[in-house]
Amino acid sequence: MSGDNAAIVGSAVGDRLAVLSRRAFSFLLDWMTWGYVAYCVMYLLNHYWYTVHVDWWGTLTLPSWGWSVVVLATLELAVWSRSLGRSLGQRAIGVALQDAAGGRITAGRRLVRILLWHVSVPLFAAGFWRGGDPWHDRVAGMGLRPVSPDPERPGRRALATQWGIVALFLGVLTLWVGWLIIGINFQILARRAAQTGRIWGEMLRPDFRYFTTPDPVFSLRALSYSILDLAVVTVFMALTATILGSVIAFPLSFVGARNVMGFSPSGWAAYGIVRGFFNVFRSIETIIWGSIFAVWVGYGTTLAGILALTVHTIAALGKLYSEQVEGVSPGPLEAVWAAGGSRVQVVRHAVIPQVLPSFWAFTLYRWDINVRMSTVIALVGGGGIGDMLFYYKNQGDWPKVGAVVIVIVAIVWAMDYISGRLRERIA
Amino acid sequence: MANPYLVVEHLTKVYERGQVLALRDLSFAVEKGEFLVVIGLSGSGKSTLLRCINRLIEPTRGRIWLDGVDLTRLSQARMRRVRRRIGMIFQQFNLVDRSTAIGNVLTGRLGYLPGWRALLGWFPKEDREKALANLERVGLRDKAYVRVDQLSGGQRQRVGIARALMQEPEILLADEPVSALDPATSHSIMQYLEQMNRQDGATVIASLHFLSLARRYGTRIIALKDGQLVFDGLPTAIDNAKFKEIYGEDAEEVEVR
Ligand SMILES: Nc1ncnc2c1ncn2[C@@H]1O[C@H](COP(=O)(O)OP(=O)(O)O)[C@@H](O)[C@H]1O
Ligand SMILES: [Mg+2]
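Residues numbered from 1 in each chain as written. Chains lettered and ligands numbered in written order. Predicted model: local features only at pLDDT ≥ 70, side-chain atom pairs only at ≥ 80, totals over all residues. Heavy atoms only, no water.

## With respect to the overall build of chain A
For step 1, the next point in the chain: Each helix and strand in chain A was counted, giving 17 helices and two strands.
For step 2, the next point in the chain: Burial analysis of chain A (427 residues in total) assigns 41% to the buried set.
For step 3, the next point in the chain: Working note: accessible area of chain A is about 22,900 Å², and carbon and sulfur atoms make up 70% of it. (Helix = DSSP H or I, 4+ residues; strand = E, 2+ residues; numbered from the N terminus. Buried < 20%, exposed > 50% of the residue type's maximum accessible area, 1.4 Å probe, protein only. Areas by Shrake-Rupley, 256 points an atom, 1.4 Å probe, with all protein chains shown as cover.)

## Describing the confidence of the model for chain B
Any segment with low pLDDT has predicted coordinates that should not be analysed in fine detail.
All names here are of chain B.
For step 1, the next point in the chain: The predicted model of chain B averages 91 in pLDDT, with 97% of residues at 70 or higher.
For step 2, the next point in the chain: Taken element by element, chain B is modelled with least confidence in helix H4 (residues 115-120), mean pLDDT 78, and with most confidence in strand E8 (residues 203-207), mean pLDDT 97.
For step 3, the next point in the chain: Taken over the whole predicted complex, pTM reads 0.73, whereas the ipTM for its chain interfaces reads 0.93. (pLDDT = per-residue confidence, 0-100.)

## With respect to the nonpolar core
For step 1, the next point in the chain: Judged by nonpolar contacts, the single largest core of 106 residues is most densely connected at Val351 of chain A together with Ile39, Leu49, Leu135, Ile161 and Ile205 of chain B.
For step 2, the next point in the chain: With seven residues, the top contributor of residues to this core is helix H15 (residues 343-376) of chain A.
For step 3, the next point in the chain: With sequence-adjacent residues up to four places away left out, Leu49 of chain B is seen in contact with Leu11, Leu23, Leu26, Phe28, Val38, Ile222 and Leu224 of chain B.
For step 4, the next point in the chain: If you look at the next biggest cluster of nonpolar residues, it comprises 28 residues, including Trp367, Ile385, Val404 and Ile408 of chain A. (Core = buried A, V, L, I, M, F, W, Y, C linked by side-chain atoms within 4.5 Å. Contact = heavy atoms within 4.5 Å.)

## Focus: the sheet that holds strand E9 (residues 220-225) of chain B
All names here are of chain B.
For step 1, the next point in the chain: One open sheet accounts for six strands, arranged E6-E7-E8-E3-E9-E10; its pairing is mixed. Sheet topology places strand E6 (86-89) and strand E10 (228-233) at the edges, where each strand pairs with a single neighbour. Averaged over all neighbouring strand pairs, the angle between strand axes comes to 15 degrees, with direction disregarded.
For step 2, the next point in the chain: Sheet topology places E9 next to E10; five bridges connect them, and they run antiparallel. Residue pairing for E10: Leu224 is matched across the bridge by Leu229. (Pairing = 2+ DSSP bridges. Axes fitted to C-alpha atoms, helices over the stretch in contact; angles between N-to-C directions.)

## Concerning the packing of helix H5 (residues 125-137) of chain B against helix H6 (residues 153-166) of chain B
Residue and element names in this part refer to chain B.
For step 1, the next point in the chain: Running from N to C, H5 and H6 point in directions that differ by 135 degrees, and their axes come no closer than 9 Å. If you check the angle between H5 and H6, you find them oblique. Considering how the two elements wind past one another, H5 and H6 form a crossing that is right-handed. Taking contact as the criterion, the partners of Asp127, Lys130, Ala131, Asn134, Leu135 and Arg137 in H5 are, on H6, Ala162, Leu165 and Met166.
For step 2, the next point in the chain: The residue inventory of the contact of H5 with H6, partitioned by class, reads five nonpolar, one polar and three charged. (Parallel < 35°, antiparallel > 145°, perpendicular 65-115°, else oblique. Left-handed = near helix turned anticlockwise from the far one by under 90°. Nonpolar A, V, L, I, M, F, W, Y, C, P; charged D, E, K, R; others polar.)

## What to know about the environment of Tyr112 of chain B
Residue and element names in this part refer to chain B.
For step 1, the next point in the chain: For Tyr112, the position within the fold is in the loop between helix H3 (101-106) and H4.
For step 2, the next point in the chain: On a C-alpha basis, the gap between Tyr112 and Arg158 in space is 22 Å, while along the polypeptide they are 46 residues apart.
For step 3, the next point in the chain: Residues in contact with Tyr112, not counting those within four places in the same chain, are Arg84 and Gln167.

## Examining the packing of aromatic side chains
For step 1, the next point in the chain: The full count for this structure, using the stated rule, is 13 aromatic pairs over all chains.
For step 2, the next point in the chain: Geometrically, the ring pair formed by Phe277 of chain A and Phe281 of chain A is tilted, given 4.4 Å between the ring centres and 40 degrees between the ring planes. Placement of both Phe277 of chain A and Phe281 of chain A in helix H11 (residues 265-283) is noted, with a separation of four residues, approximately one turn of the helix.
For step 3, the next point in the chain: On the basis of relative accessible area, Phe277 of chain A is assigned to the partly exposed category, the value being 28%.
For step 4, the next point in the chain: Overall, Phe281 of chain A belongs to the partly exposed group, its relative accessible area being 27%.
For step 5, the next point in the chain: With a centroid separation of 4.9 Å and an interplanar angle of 35 degrees, the aromatic rings of Phe243 of chain B and Tyr247 of chain B are classed as tilted. Of this pair, Phe243 of chain B and Tyr247 of chain B both sit in helix H9 (residues 240-247), four residues apart, which is roughly one turn of the helix. The pair formed by Phe243 of chain B and Tyr247 of chain B is uniform in burial state, with each residue classed as buried. (Phe/Tyr/Trp six-rings, centres within 6.5 Å; stacked < 30°, edge-to-face > 60°.)

As structure tokens, this is what we get:
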């Protein structure tokens, strides 16, 4: 019965899937946290006991089977923290494990529940599909029930404190391990200052000889361009990528929005594919896309740069757009359904009018990013003004580098100004 | 003997999320031209009932017959065509805040537009004229090109009414149309509904919070309590005992003038 307008009403399958994925994700988060803690602790053990005293502590480096032990152990910790958390702490968020007969839940039965979890979750997907309590809850004779907030117990505040402690612990651990891994050395900064001073001095006397006349050094590479030529190319790279990217991201973003796609299986599939695409392609940085396309369509070509910028723009904007679409108020959607509108009409007349201003804002924001990116994409062979910058830098021709940097600053500043003004108009 | 216009048979709705039994085996019939008022405490299932009738919410069990057609059996595409004849007015108005009044009113016509036209937002000239006429009818002709977030609550609900008028509805579903409004404005809105009922011959099904409003405007009242039908009859038939049954022992009747 999950139909056309299931987006508003939801459906049995969709509800269960939503619950399931919520539980799966929060579980995954627990697991990852434990895994992270385990990694940090092992790193510290290795660092302080292994590298400092090279002796029998050396055995602390993991044998080949060690990793599977760590994975299983962290998994186990996550299970226990979940199940114990359910048992102990969740009253704070309005649910608690309760005995079917209203009796006390003994530690032994909690243990039973935790052990059964290992069978229940892998085999029956926790029994969520059947509705009601998961199998491990039922066998252990208990279930999660909403409870009225108990004034005697510390409620949300205690939960917040717990989270605070966890965050503090993870933060300190990260800084500690990070410091050791990166090995920051401030002495170098001071020692090298004098050498760099000369370069700064040269850059501050910029050489604008080739601002409009093509620089003959590039003719060796069968290319001929001036700073201005490449400045124009760079601006157009950013503009083209932004426009192309937002035009492609726009329709995709509606497919990547749960409230538009509804809860039918096909809706879920399309949603999952598009969101997955956004997430994967977004997590590959523009620079990496640049090196991929540089190999594909030619090193140092503008096309490689544009493609890299466009692909990342589609994914990044698509995600931002989708989140906006998911945040629209559902009332107008309902009104269009009620008047006999189709899904497309709902999107066109109830969703788009609500999201358009923020779509514009995000597009302008992306434009800013693309302008900055287009000035450095040449580093990996993406073309544009950065090509010149890195060439001169490698030659040690600092006055010319100075000139190019000034032009880049001018481009970024001008584009910032324009997009800022446009943004004011929209707000 | 002709069948009643709208027949609801054994209607049951279970919300999976939270396992709520929102409607329990409701049966009643509505004749053409009636002004049926649904009363009940909040959470009693009024909104769910109205949304089951135009299937914004899928009923779990039961049948709904409109003019001899079983709505629960219709495909989504056919149901959409039926929805064009069913206007709806909402408690929270459900307008697109950033659009103009006329933009919102025109969306009432969407069911009649071919896909490509709706996609481009090209409404025919007749529709635009009709939208202006309907805004005129609710006294908002001069606000046609004002963004609705600049309008007061009463004015917004009148935009909602104009939107429903665009459908030239045979049935009007009004889900607590005046709950967000003050008493004086409430009456003006209710009078528009009464007008649609009397002049345009639309069958009205409205859920209301206040019994006094229900008595004043309804030709018949049904009452819900925890999703069950606890009263079905003339407004005058609700006495003090009945009132306490519907609203609970401690309730006091409040007048809305
Ligand atoms: N989408 C939903 N999911 C789960 N439960 C719901 C949903 N909508 C309404 N309910 C529940 O159904 C019951 C009836 O709600 P509703 O029809 O909104 O009542 P009313 O309009 O009379 O206030 C309430 O208990 C409410 O909590
Ligand atoms: Mg309601």
